[in-house]
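Each chain, written out:
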Amino acid sequence: MSGISRRSLLCSGLALSASSLLARSAWGRTAALLTGYPGAASAEALAAVEPREQLLFDFGWKFQFGHGSDPARDLGFGHGQGDFAKTGEFAFAKGKFDDSKWRTLNLPHDWAVELPFVHDEVQNSHGFKPVGRRYPETSVGWYRREFDVPDSDAGRRISVEFDGAFRSVLVFVNGCFIGRNDNGYAPFRFDLTDFLAVGAKNYIVLRVDASFGDGWFYEGAGVYRHLWLTKTDALHLGKWESTVRTAVSGNSAVLTLGTVVENEGKQAENAKVSWKILDAAGKTVATAEAAPQSVAVDGTATFSATAKLANPALWSVDASNLYSAIVIVETGGKTRDAERVSFGVRTVLFDADKGFFLNGKSLKIQGTCNHQDHAGVGAALPDRLQWYRLAVLKEMGGNAVRTSHNMPTPEWVEACDRMGMMMMCETRQMSSSPEGLAQLEVMVKRYRNSPSIILWSVGNEENQLQNGEAEQGAKIATTMVRKCHELDPTRVVSAAVNGTNEKGVSEAFDIIGFNYQLDKPDDFHQKNPKRPLYGSETSSAISTRGAYATDPLRNTVNAYDGVVRWGETAEEWWKFYGTREWEAGGFAWTGFDYRGEPTPYGWPSINSQFGIVDMCGFPKDTFYYYKAWWGKEPVLHLFPHWNFEGKEGEFIPVWVYSNLDEVELFVNGTSQGSQKVPHLGHVEWKVKYEPGAIEARGSKNGKVVLTEKHETTGPTVAIRLTADRTEIDANGEDIAILKVEALDKEGRAVPTANNLISFKVSGDGALLGVGNGDPNCQESDKEPKRSLFNGLAQVIVQATKRAGEIHIEAVKEGWDGPELTPAKVAIVTKKAELRPQIA
């Protein structure tokens, strides 16, 4: 996002408590949506099929800071100009190097989130973290690891594969420089075969330099995505070359299958490729085979075939049915390589008159844009946290996400595939340069089998290419669109455009996306009736969770109608996109609050306030507007809370988001009147504040079916801990996410509490991070303490590989104020099969 935007039970008569219903919904039901979480059996782990091995390379690394300008503090690297003159002379990547004083850690790792905040306006958009060329002492990090290569690996090709690292990575193995990568989001790999000692110990060193950025938002620093060691036969399938393209016809589907076989051996090979199609239960439902071909030494061969599925289970947002294709390469009856490709069967259509269709059924895109960071962990999200975040958005009624503004991590895409969430998949760099096209190619190849992806985006708000250099922009976009179609002819291509879409890059796109500017799509549609339209970025409403007054002195924004000058409230944008048949829908900015771009305030704010939920995933009130009008269940959400000490007699706005017919409001038992709920709207009152209670009663067909009540609470006397799960896998990766709340003596949550809470974590796990959703909080994400913000905080703990229990205790920090009853929770860590990994 940039430019003008930011760079500058109805059938019964029983009335249910909406507060209890939504309490279960916002936490327990989000957890329930995660029941399909595969744990260690992720797509990456499942992708490798014997004899191929894909080994997780995340555990047991050593780390220390280097220096961006002083070679003496950077392992001597760069002391002279001859560093790369001789191969094999880098001592830090050899066995005798002493790393005993380096810190031990596991990947993924983001060191930026561990750093203190600095009041430096240059760092504003990146979250006020000291990373960049002006902070050389905290912008370079070194990772080092020892690993074994067994004798059985002789003759195999062995590669190290990065899902992503930020940002400039130099790779050294056994004293030799291997290569470099200068992109923070696209995956990359290096073949290490010739540099490894088989049957001996080996040493790998990574120098990661985050001095330069790719975006204008928080990007983290370090190896923040998974790392893998992949071992294949010399005759093997090409990386991301296996494709499954589906065509639905009546009650069957034709699968067009393709792959590329590479031969890095010493002789030509006569290879055969076959496919086995499995349904979700693992049953073989189709097979196919390609004619044998000779693959020359250092050559490749393309294989293709077709298969037919009878009565396929279609992938949709309501039923995320998936299939797998096992691709096998054989010579002389022996399997040389194999992999598993996950795919889904569905049809997608953007229609200029009727909007968007999934599997032939009209469907509005109810989407959100999201960056990739989270409270407590920065950009280094454990896999489970990706699923948690997606479950929050799905619980809201969302059915689509946009990967703003970069190629996403594989686990985010996998979660969308498995949970039924559509995706607008976006590359970081809008450019037809070799680097720009290489990034685009990797993204499309990597994810073109994912059914969740409904369109490719080649960029975001490139105003110069849209307006200033429109001719140049049109040529660049045309090349990028052509590349997408070449690699994947099944999907449309677009971009997020903040402008008229009448020239420049827009000329090349299959469908047209508008960022904001609700005054433009109607006119464009009238002038261009054959071009499908959607909202590529909308809303930019702002609010502070639990705050009901805009206060520039405290950097808070009210929960009712906060919005930036270029944006629209939730109601404004959805009334526009939700009521025009020809509009496909759109993507609200943003689902989650995110680090950097502190809007609408600057320091001491350190993250944005655009989110529909905060940095922890705790819903703001607007969450329930979307839930009411995007979801399928009855909703009644009353706000604000009723703790306004010192405002007795003052008028307080009281709003209700609901999809029921009518809502009646009561203050201390006295009716304030009943109002009809307008379609895609809300109802509101202004009432004088009196301590006690407010209650909303929602009716359908003349019967009260939902109620919600807020009472004036007393002071905090106790703490409550609630875990999303009380049993997790003891695999060194799985996490439990705990909600921390303040309670009064009646056991009611105190919505204004800001107590500082300390956490003690012991047993078979460790504290991974903390947060509270406060956009102005500069407390550490890694220390075992956190202030509550408007009654809430979050703790993330991670299991070790040892089965047992993790014990978490929350106690009051410091000596001021009354004592609080502490809270204790035990998380069982059960024995689990570890995914294949380097020991």
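So, here is what we can say about the structure in this document. (Residues numbered from 1 in each chain as written. Predicted model: local features only at pLDDT ≥ 70, side-chain atom pairs only at ≥ 80, totals over all residues. Heavy atoms only, no water.)

1. A closer look at the overall build of the chain
Across its full length, the chain holds 10 helices and 47 strands. For 839 residues, the compact-globule estimate of 2.2 N^0.38 gives 28 Å, and the chain sits close to it at 27 Å. The C-alpha extent of the chain, read off along each of the three principal axes, is 90 × 65 × 55 Å. By the burial criterion, 62% of the 839 residues in the chain qualify as buried. Surface accessibility of the chain: about 31,400 Å² in total, with carbon and sulfur atoms responsible for 49%. The distance from the centre of the 91 positive side-chain charges to the centre of the 105 negative ones in the chain is 2 Å. (Helix = DSSP H or I, 4+ residues; strand = E, 2+ residues; numbered from the N terminus. Rg over C-alpha atoms; globule rule 2.2 N^0.38 Å. Buried < 20%, exposed > 50% of the residue type's maximum accessible area, 1.4 Å probe, protein only. Areas by Shrake-Rupley, 256 points an atom, 1.4 Å probe, with all protein chains shown as cover. Lys, Arg positive; Asp, Glu negative; His and termini not counted. Charge placed at Lys NZ, Arg CZ, Asp CG, Glu CD.)

2. Re helix H3 (residues 383-395)
Compared with the 18 Å implied by 1.5 Å per residue over 13 residues, the 19 Å span of H3 between its first and last C-alpha is a close match. Among the 13 residues that make up H3, 12 are buried, leaving the element largely enclosed by the rest of the structure. Asp 383, Arg 384, Leu 385, Gln 386, Trp 387, Tyr 388, Arg 389, Leu 390, Ala 391, Val 392, Leu 393 and Glu 395 are the residues of H3 that are buried. The first or second residue beyond H3 is Gly 397, which carries a positive phi of 105°. (Expected span 1.5 Å × (residues − 1).)

3. What to know about the nonpolar core
Side chains of a nonpolar character, in soluble globular proteins, are inclined to be buried together. The biggest cluster of nonpolar side chains holds 96 residues, and the ones touching the most others in it are Met 430, Trp 456, Val 458, Phe 509, Tyr 626 and Trp 642. In this structure Trp 456 touches Cys 425, Met 443, Val 444, Tyr 447, Arg 448, Cys 484, Asp 488, Arg 491, Val 492, Val 493 and Ser 494, once residues within four positions along its chain are discounted. Judged by nonpolar contacts, the second largest core, of 44 residues, contains Val 113, Val 171, Tyr 185 and Ala 379. (Core = buried A, V, L, I, M, F, W, Y, C linked by side-chain atoms within 4.5 Å. Contact = heavy atoms within 4.5 Å.)

4. Brief notes about the sheet that holds strand E47 (residues 823-831)
In spatial order, the strands read E40-E47-E46-E42-E44; together these five strands make up an open sheet with mixed pairing. If you trace the sheet from one side to the other, it starts and ends with strand E40 (727-730) and strand E44 (785-787), each paired once. The average angle at which neighbouring strand axes cross in this sheet is 30°, direction not considered. Two elements, strand E46 (residues 804-812) and E47, share seven bridges in a ladder whose sense is antiparallel. Note that in E47 the partner of Gly 804 across the bridge is Thr 829. (Pairing = 2+ DSSP bridges. Axes fitted to C-alpha atoms, helices over the stretch in contact; angles between N-to-C directions.)

5. Details of the side chain of Ser 605
Along the chain, Ser 605 turns up in the loop between strand E31 (583-589) and helix H10 (622-630). Side chain to side chain, Ser 605 and Asn 776 meet in a polar contact 2.4 Å long. If sequence neighbours within four positions are ignored, Ser 605 has contacts with Phe 128, Asn 555, Pro 598, Pro 775 and Asn 776. (Polar contact = N/O pair within 3.5 Å; in protein donor to acceptor, adjacent residues only side chain to side chain.)

6. Here's the deal with the sheet that holds strand E41 (residues 735-743)
Spatially, E39-E41-E45-E43 is the arrangement adopted by the four strands of the open sheet, whose pairing is antiparallel. This sheet does not close on itself; its edge strands, each paired only once, are strand E39 (718-723) and strand E43 (765-771). Pairwise comparison of adjacent strand axes, ignoring direction, gives a mean angle of 25° for this sheet. Across six bridges, the pairing between E39 and E41 is antiparallel. Residue pairing for E41: Ala 723 is matched across the bridge by Leu 738.

7. Here we look at the packing of aromatic side chains
Under the definition given, this model contains 46 aromatic pairs. Aromatic side chains Phe 77 and Trp 142 sit 6.0 Å apart centroid to centroid with 80° between the ring planes, which places their arrangement in the edge-to-face category. Taken together, the residues Phe 77 in the loop between strand E3 (61-65) and strand E4 (103-105) and Trp 142 in strand E5 (residues 140-149) connect sequence positions 65 residues apart. In terms of burial, Phe 77 and Trp 142 fall into one category: buried. (Phe/Tyr/Trp six-rings, centres within 6.5 Å; stacked < 30°, edge-to-face > 60°.)

8. Looking at empty space enclosed by the protein
A volume near 120 Å³ is recorded for the largest cavity. In this structure, the largest cavity is lined by Asn 370, His 371, Gln 372, Leu 381, Gln 386, Arg 389, Thr 403, Ser 404, Asn 406, Pro 408, Thr 409 and Trp 412. Within this model, the second largest cavity holds a volume of roughly 90 Å³. Along the lines of polarity and charge, the residues of the lining of the second largest cavity split into five nonpolar, four polar and five charged. (1 Å grid on protein atoms, 1.4 Å probe; cavity = no way out; pocket = protein on both sides within 12 Å on 5 of 7 lines; lining within 4 Å. Points joined across faces, edges and corners; volume = space filled by probe spheres on them. Nonpolar A, V, L, I, M, F, W, Y, C, P; charged D, E, K, R; others polar.)

9. Some details on the packing of helix H9 (residues 570-577) against H10
In contact at an axis separation of 11 Å, H9 and H10 are set at 20° when each is read in the N-to-C sense. Comparing their axes, H10 and H9 come out roughly parallel. Crossing handedness for the pair H9 and H10: right-handed. Between H9, through Ala 570, Glu 571, Trp 573 and Trp 574, and H10, the contact on the second element is made entirely by Thr 622, Tyr 625, Tyr 626, Trp 629 and Trp 630. (Parallel < 35°, antiparallel > 145°, perpendicular 65-115°, else oblique. Left-handed = near helix turned anticlockwise from the far one by under 90°.)

10. Things to note about the pattern of salt bridges
Counted according to the given criterion, the structure contains 59 salt bridges. Where Arg 448 meets Glu 241, a salt bridge forms, and the shortest distance between an N and an O atom there is 3.8 Å. Within this pair, whereas Arg 448 is found in the loop between helix H5 (434-447) and strand E27 (453-460), its partner Glu 241 is found in the loop between strand E12 (235-237) and strand E13 (243-249), the two being separated by 207 residues in sequence. The burial state of Arg 448 is the same as that of Glu 241; both residues are buried. Among the charged side chains, a network of salt bridges with common partners joins Glu 241, Glu 441, Lys 445, Arg 448, Lys 483 and Glu 486. (Salt bridge = Lys/Arg side-chain N within 4 Å of Asp/Glu carboxyl O.)

11. Points about the environment of Leu 255
Tracing the chain through its elements places Leu 255 in strand E14 (residues 252-263). Through-space distance from the C-alpha of Leu 255 to that of Asp 351 is 24 Å; in sequence the pair is 96 residues apart. Sequence-distant contacts of Leu 255, that is, excluding residues within four places in its chain, are made with Val 244, Arg 245, Thr 246, Ile 277, Ala 305, Thr 306, Ala 307, Leu 309 and Phe 343.

12. What to know about the side chain of His 374
Among the secondary structure elements, His 374 is positioned in the loop between strand E24 (365-370) and H3. A polar atom in the side chain of His 374 sits 3.0 Å from the side chain of Arg 389. Apart from residues no more than four positions distant in its own chain, His 374 is found in contact with Leu 381, Leu 385, Tyr 388, Arg 389, Phe 592, Arg 595, Met 615, Cys 616, Gly 617, Gln 794 and Ile 796.

13. Describing the environment of Val 828
Within the secondary structure, Val 828 sits in strand E47. Residue Val 828 is classed as partly exposed on the basis of its relative accessible area, which comes to 30%. Sequence separation of Val 828 and Ile 204 is 624 residues, and the distance between their C-alpha atoms is 35 Å. Discounting residues that sit within four places of it in the chain, Val 828 has contacts with Thr 726, Glu 727, Ile 728, Gly 804 and Glu 805.

14. Section: the packing of H3 against helix H4 (residues 410-419)
H4 packs onto H3 with a crossing angle of 45° between their chain directions and a minimal axis gap of 9 Å. Looking at the two axes, H3 sits oblique to H4. Between H3 and H4 lies a crossing of right-handed hand. Residue-level contacts link Asp 383, Gln 386, Trp 387, Arg 389, Leu 390, Ala 391, Leu 393 and Lys 394 of H3 to Glu 411, Trp 412, Glu 414, Ala 415, Cys 416, Arg 418 and Met 419 of H4. Across the contact of H3 with H4, the residue classes tally to eight nonpolar, one polar and six charged.

15. Digging into the environment of Cys 616
Among the structural elements, Cys 616 can be located in the loop between E31 and H10. Between the C-alpha atoms of Cys 616 and Val 705, which are 89 residues apart in sequence, the distance is 31 Å.

16. Considering unusual backbone geometry
Backbone torsion omega between Leu 107 and Pro 108 reads 0°, so that peptide bond is classified as cis. Here Pro 108 is to be found in the loop between E4 and E5. Look at the link from Phe 166 to Arg 167: it is a cis peptide, with omega at 0°. The residue Arg 167 is located in the loop between strand E6 (157-162) and strand E7 (168-173) in this model. Despite not being glycine, Trp 240 shows a phi value in the positive range, around 60°. Residue Asn 359 is not a glycine yet carries a positive backbone phi of 55°. As for its position among the elements, Asn 359 is in the loop between strand E22 (355-358) and strand E23 (361-362).

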